[in-house]
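Descriptive structure summary
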Amino acid sequence: MDYNFAFVLRYQDALLIGLRMTVMISLASIAIGCLWGFVLGMARGSSLRWARVLATVYIEFFRGTPVIVQLFWVFFCLPLLLGIELSNMASGIVALSLYMGAISAESFRAALKTISPDQHNACVALGLSRYAEIRYVLMPQAILRAIPTLLSNCVSLFKESALVSAVGMADLMFVGQNISNATARPVEVLTVVAVIYFVIAFPLTRGVTVLERKVLKGLAV
C-alpha cells in the first residue's frame, strides 16, 4: 500500500478546529483543576483529621482509577444522580478538572510544606485574615515552588484530553478518527494527529526541565 501524507493537508482546517477545541478543554481543565488541587493540597496538610482523610481518599481514588472510567462516570452517571443534563464538553471539563485536582494536590502540599511557619506568624502579627494569608502569601509561593511538577501535570492532562473523543467531543482525536474512517487511510491521518500532539507536548516537557534548572534555581526557591 502506498502512503501519501500530503493528502492530510486537505483536512488541515478541520484538524485545526479540533486542535483548538483540545486546547480550550485542556486550558479550562487545568485552570479549574489547579485551583481545586490547591484546596486539596491544603486539606491534605491540614491539622483537621477529617479534612486530611477526605482529601487523601479523594486523591488516591482519582489517581488510582483510569481517567476514561472517570470520564464515562461523569458523562453517564452524574446526570442521573443530580437530575441534570451535562453536555459532552461540560462532562469532559468536569472529569479532567477532577483528575487534574488530584494529581496536582500533592505538588501543592509539598510546596506548602516548604513555606516557613514564620510567615504565618507574620500574617497573624499584621492582622491579616486567613483568606488574605492564603491569597496573598501562601498561594503565590506555593504556585512558584510547584511550577515544575505542575507543568508536567499540565502536559499529562493535555495528552489525556484525547479521551474526551470517547464521549463525542469534537477534539483533535475525534476529528482525526472521523477523517481516518471517511478516507480509509488511518496510517497517515492518525500519524499526523500523533505528531501534532507530540509537537505541542514535547517543547512543554523540555520547558519544564529548563524552568526547573534555570529559573527556580536562580530564584533559590
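These notes cover the structure that comes with them.

Rules used throughout
Residues numbered from 1 in each chain as written. Predicted model: local features only at pLDDT ≥ 70, side-chain atom pairs only at ≥ 80, totals over all residues. Heavy atoms only, no water. 1 Å grid on protein atoms, 1.4 Å probe; cavity = no way out; pocket = protein on both sides within 12 Å on 5 of 7 lines; lining within 4 Å. Points joined across faces, edges and corners; volume = space filled by probe spheres on them. Helix = DSSP H or I, 4+ residues; strand = E, 2+ residues; numbered from the N terminus. Axes fitted to C-alpha atoms, helices over the stretch in contact; angles between N-to-C directions. Parallel < 35°, antiparallel > 145°, perpendicular 65-115°, else oblique. Left-handed = near helix turned anticlockwise from the far one by under 90°. Contact = heavy atoms within 4.5 Å. Nonpolar A, V, L, I, M, F, W, Y, C, P; charged D, E, K, R; others polar. Phe/Tyr/Trp six-rings, centres within 6.5 Å; stacked < 30°, edge-to-face > 60°. Buried < 20%, exposed > 50% of the residue type's maximum accessible area, 1.4 Å probe, protein only. Lys NZ or Arg CZ within 6 Å of the ring centre and 35° of its normal. Salt bridge = Lys/Arg side-chain N within 4 Å of Asp/Glu carboxyl O.

**Things to note about the layout of surface pockets**
Here the largest pocket defines a volume of roughly 380 Å³. Looking at the largest pocket, it is lined by 17 residues, and the ones nearest its centre are Met 42, Gly 45, Leu 112, Arg 130 and Leu 138. When residues of the lining of the largest pocket are traced back to their parent elements, those giving at least two are helix H1 (12-44), helix H4 (88-113), helix H5 (117-126) and helix H6 (130-160). Take the lining of the largest pocket: its biggest share by element is 4 residues, from H6. Approximately 160 Å³ is the volume attributed to the second largest pocket. What lines the second largest pocket is Val 23, Ser 26, Leu 27, Ile 30, Leu 151, Cys 154, Val 155, Phe 158, Ile 200 and Leu 204. Of all the elements in the fold, those that place two or more residues in the lining of the second largest pocket are H1, H6 and helix H8 (186-219).

**Description of the packing of H1 against helix H2 (residues 49-64)**
For the pair H1 and H2, interaxial distance at closest approach is 7 Å and the crossing angle is 130°. The angle between the axes of H1 and H2 places the two elements in the oblique class. The two elements H1 and H2 meet at a crossing, and its hand is left-handed. Together, Trp 36, Leu 40, Ala 43 and Arg 44 of H1 and Ala 51, Arg 52, Ala 55, Thr 56, Tyr 58, Ile 59 and Glu 60 of H2 make up the contact between the two elements. Partitioned by chemical class, the residues of the contact of H1 with H2 number 7 nonpolar, 1 polar and 3 charged.

**Things to note about the packing of aromatic side chains**
Here a ring pair, both rings aromatic, is described through the centre-centre distance and the interplanar angle of the planes. Using the criterion set out here, one finds 9 aromatic pairs in the structure. Measuring from centroid to centroid gives 6.0 Å for Phe 7 and Tyr 11, while their planes differ by 80°, and the two rings are edge-to-face. Here Tyr 11 falls in the partly exposed class, since its relative accessible area comes to 28%. Judged by centre distance (5.2 Å) and plane angle (20°), the ring pair of Phe 198 and Phe 202 falls under stacked. A residue pair is termed a helical-turn pair when its members lie 3 or 4 positions apart in one helix, as Phe 198 and Phe 202 do in helix H8 at 4 residues. Through pairs of rings, three or more aromatic residues link up here, namely Trp 36, Tyr 58, Phe 61 and Phe 62. Over the ring of Phe 7 we find Arg 185, and its NZ or CZ is 5.5 Å from the ring centre.

**Observations regarding the pattern of salt bridges**
One pass over the structure, following the stated rule, counts 4 salt bridges. Linking Glu 106 and Arg 109 is a salt bridge whose minimum nitrogen-to-oxygen distance equals 2.9 Å. A residue pair is termed a helical-turn pair when its members lie 3 or 4 positions apart in one helix, as Glu 106 and Arg 109 do in helix H4 at 3 residues. Accessibility expressed as a relative area gives 25% for Arg 109, which makes it partly exposed. We note a salt bridge from Glu 188 to Arg 185, for which the minimum N-O separation is 2.7 Å. Given the relative accessible area of 21%, Arg 185 is considered partly exposed. In this structure, a network of salt bridges that share partners links the residues Arg 44, Glu 60, Glu 106 and Arg 109.

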